[in-house]
Amino acid sequence: MSKIIHIDLDDSNLPPPTPEIDQERKVAMFDLLEDNSFTIPARDGREVPPGPYKLALSINERRLVFDLRQEDDQPAGAFLLSLGPFRQVVKDYFQICESYFDAVKTQPPSQIETIDMARRGIHNEGARVLQERLEGKAIVDTDTARRLFTLICVLHFGG
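Residues numbered from 1 in each chain as written. Predicted model: local features only at pLDDT ≥ 70, side-chain atom pairs only at ≥ 80, totals over all residues. Heavy atoms only, no water.

Another aspect to go through is the overall build of the chain. Of regular secondary structure, the chain possesses 4 helices and 6 strands. Compactness check: the chain gives a C-alpha radius of gyration of 16 Å against a globular reference of 15 Å for 159 residues, within 12% of the reference. Referenced to the eigenvectors of the C-alpha coordinate spread, the extents of the chain come out at roughly 55 × 30 × 30 Å. Expressed as a percentage of the 159 residues in the chain, the buried residues total 39%. If you take every contact in the chain between residues at least 6 apart in sequence, the share linking residues at least 24 apart comes to 62%. Entry remark: accessible area of the chain is about 8,900 Å², with carbon and sulfur atoms responsible for 48%. In the chain, which carries 19 positive and 26 negative side-chain charges, the distance between the mean positions of the two groups comes to 4 Å. (Helix = DSSP H or I, 4+ residues; strand = E, 2+ residues; numbered from the N terminus. Rg over C-alpha atoms; globule rule 2.2 N^0.38 Å. Buried < 20%, exposed > 50% of the residue type's maximum accessible area, 1.4 Å probe, protein only. Contact = heavy atoms within 4.5 Å. Areas by Shrake-Rupley, 256 points an atom, 1.4 Å probe, with all protein chains shown as cover. Lys, Arg positive; Asp, Glu negative; His and termini not counted. Charge placed at Lys NZ, Arg CZ, Asp CG, Glu CD.)

Pasting the structure below:
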């Protein structure tokens, strides 16, 4: 079964999230565990540890760390991704989210919808970048990439 069944997000060194960021994190984690596709491809003739997987996601020395374990906690793999390719899209995503959260309080529905469409577009771009960065390491569908991108943004928050 190629999916994530548990996720640990190491945000222990980050400032407390805003209520909005905390809500985004909770929704992304819930949705990710409800429905995701996460496959480790075979590489260099090595056997692929079977899923489902437990994922520990963290940032260490400016790198995004994916630490994967099997259901019985046996190591399934680990890999690091440079945060550089994510910086601009994360920055853009936080800016548009801030605009969205402000608009919800004061703007008419048409304005909120316009900002939300832009927010989804940036979110899709972040998911695309993540899928590219995971190439050869993991195969994820678009919805899984979107939810993981949200969690990457949470780890970027204040970091």
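Once you've had a look at it, read on.
Tallied over the full model, the rule gives 4 aromatic pairs. Ring centres of Tyr 93 and Phe 149 lie 5.6 Å apart, and the angle between their planes is 70°; on these two criteria the pair is classed as edge-to-face. Of the two residues, Tyr 93 sits in helix 2 (residues 87–106) while Phe 149 sits in helix 4 (residues 142–156), which places them 56 residues apart along the sequence. For the pair Tyr 93 and Phe 149, one class covers both residues: buried. Taken together, a centroid distance of 5.9 Å and an interplanar angle of 65° make the contact between Tyr 100 and Phe 101 edge-to-face. In this pair, the class of Tyr 100 matches that of Phe 101, namely buried. Note that Arg 119 overlies the ring of Tyr 100, its terminal NZ or CZ placed 4.1 Å from the centroid. (Phe/Tyr/Trp six-rings, centres within 6.5 Å; stacked < 30°, edge-to-face > 60°. Lys NZ or Arg CZ within 6 Å of the ring centre and 35° of its normal.)

Across the sheet, 4 strands lie side by side as 1-3-4-5; this open sheet has mixed pairing. Since the sheet does not close on itself, it has two edges, and those belong to strand 1 (4–9) and strand 5 (75–82), each with one partner. Averaged over neighbouring strand pairs, the angle between their axes works out to 20° when direction is ignored. In this sheet, strand 5 lies alongside strand 4 (residues 63–70) in antiparallel orientation, the contact comprising 7 bridges. (Pairing = 2+ DSSP bridges. Axes fitted to C-alpha atoms, helices over the stretch in contact; angles between N-to-C directions.)

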